[in-house]
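One letter stands for each residue in the lines below.
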Amino acid sequence: MSSGPLAEVLDGQRQADLQKAARALLKEPLLTADGPYADEFRLVRRHAAELREWFERNVGWTLRTDADAARLRKTPGTLTDATHPAREAARSALPFTRRRYVLLCLALAALERGESQVALGRLAEQVVLAAADPELVAAGITFTLERRDERLDLAAVVRLLLRLGVLRRVAGDEDAYVSGSGDVLYDVRRRVLAGMPASLRGPSMVETEGFEERLTEMTARTALDSDELRFRAIRWKLTRILLDDPVLYYDDLTDDELAYLTRQRGFITARINELTGLVPEVRAEGIAMVDPLDDLTDVRMPEQGTHGHITLLLAGHLARAGRPVEPAELAARVRELAVEHGGFWSKSAREPGAEPELVERALTKLVALGLAERTERGVVPRSALARYAVGEPVVREPEPGRTRRPATTAQTAKAAQTAQAVQNMQDER
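Structural notes, computed from the coordinates.

What counts and how
- Residues numbered from 1 in each chain as written.
- Predicted model: local features only at pLDDT ≥ 70, side-chain atom pairs only at ≥ 80, totals over all residues.
- Heavy atoms only, no water.
- Pairing = 2+ DSSP bridges.
- Helix = DSSP H or I, 4+ residues; strand = E, 2+ residues; numbered from the N terminus.
- Axes fitted to C-alpha atoms, helices over the stretch in contact; angles between N-to-C directions.
- Contact = heavy atoms within 4.5 Å.
- Buried < 20%, exposed > 50% of the residue type's maximum accessible area, 1.4 Å probe, protein only.
- Arc of directions from axis to C-beta.
- Parallel < 35°, antiparallel > 145°, perpendicular 65-115°, else oblique.
- Left-handed = near helix turned anticlockwise from the far one by under 90°.

## Regarding the sheet that holds strand 4 (residues 117-119)
If you trace the three strands from one edge of the open sheet to the other, you get 4-6-5, paired in antiparallel fashion. Of all strands in the sheet, those bounded by a partner on one side alone are strand 4 and strand 5 (167-172). Sheet twist, expressed as the mean angle between neighbouring strand axes with direction ignored, is 25°. Two elements, strand 5 and strand 6 (residues 184-188), share five bridges in a ladder whose sense is antiparallel. What sits directly across from Leu167, in strand 6, is Val188. The sheet contacts of helix 5 (residues 120-131) involve strand 4 and strand 6, and relative to strand 4 the element is tilted by about 80°. On the sheet, helix 7 (residues 148-164) packs against strand 5 and strand 6 and is oriented at approximately 120° with respect to strand 5.

Below, the structure is given as structure tokens:
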């Protein structure tokens, strides 16, 4: 093989490795040398300089790497987005509640002050002491950890820290602690623990009181006192949204942000595509960076199973409605759909009274995907939901001497969507 083709092969492999490393950081911003993404961690270490320069220049995120961990300190483009909460482990696990987030912060503070090993019972005692802070009590947050649900919350926090690599289990099991029959011992990986905070300023250094104002101050880089700095801040925000959010809607941007995006859209999307492989889908309402590999997301649609099918059907209903819809109307629609599709659904989904929970799960997904939003007027479909506004299939008997009328494209699309969602549901029945 000549040096030319060989050089092309090596360059292609280097680009593939760089892309794999970048995608791993976007999916798991804290990687450890012995964690589930150990191979990707090694790639991050190998390409650390190039990755660090790209993230700093394009999104203002810092990347720290050492022999134990790689930490990408991300700041989201939308600071107040609460639709992608932390979860204990798998995607199916329950999302973190306000209490679990408070417990997480208290546990991290206790671990920072503690020794290189800690027992879960001892960590619980320290959390209870910290929770007695008058400001927490005034905010309505109290912990005794005497109730099972509180111990379950602390166990969920610990399992998250185990998955992130902050803790390493030495002996014992969290279930035994929850039931009161045992304890657990952990190693505390202090260098990984030190990389947990992602804010640029510590919360104790922020004096403002409002929630959104505090978030802004905790993540602000510098005063925007020149055009160059303002344009840089706009570029960072737009690129962050395109990397992290399902859809960037033009209507959500300020006039300055929209003007900048209009001028620089090609450059920004090309840079993202080069690093990550995400492909820009540009529409009248906004831009979505589509992932051909379908693994840079914590929420998928369409999705197999009963809940995925119901979500898809309700998306079509919302899209066709084109107006605010009350949850009660969606629950009524689920009851109607159960008559037609219930044979493919799980038994629990067919039970009377299950409709509100089914609607809530579907709406949680649609809101997280940027396809709908909750308002005082009801659930409002967003522009990107229009792709699900397909018509109901109608079969007409042919007139004498004529063949049966073929289905429309929209009807064929709906049939394909339904078939995909129904596939492999039998195991839930």
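## With respect to the side chain of Thr269
When you line up the elements, Thr269 lands in helix 12 (residues 255-276). Residues in contact with Thr269, not counting those within four places in the same chain, are Leu242, Pro280 and Met289.

## Quick look at helix 3 (residues 48-58)
Think of an α-helix as 3.6 residues a turn; residues three or four steps apart then line up on the same face. Taken together, the buried positions of helix 3 are occupied by Ala48, Leu51, Trp54, Phe55 and Asn58. For helix 3, the arc enclosing every buried residue in end-on projection is 135°, short of the 170-degree limit, so these residues lie on one face. Positive backbone phi, at 70°, marks Gly60, one or two positions downstream of helix 3.

## Looking at the packing of helix 11 (residues 227-244) against helix 12
Two elements in contact, helix 11 and helix 12, have axes whose closest approach is 9 Å; the angle formed by their N-to-C orientations is 55°. As summarised for this structure, helix 11 and helix 12 are arranged oblique, according to the angle between their axes. In this structure, the crossing between helix 11 and helix 12 has a hand that is right-handed. Of the residues in helix 12, those in contact with Phe231, Ile234, Arg235, Lys237, Leu238, Thr239, Leu242 and Leu243 of helix 11 are Asp256, Glu257, Tyr260, Leu261, Arg263, Ile268, Thr269, Ile272 and Thr276.

Honestly, that's just the spatial picture; any functional story needs more than this.
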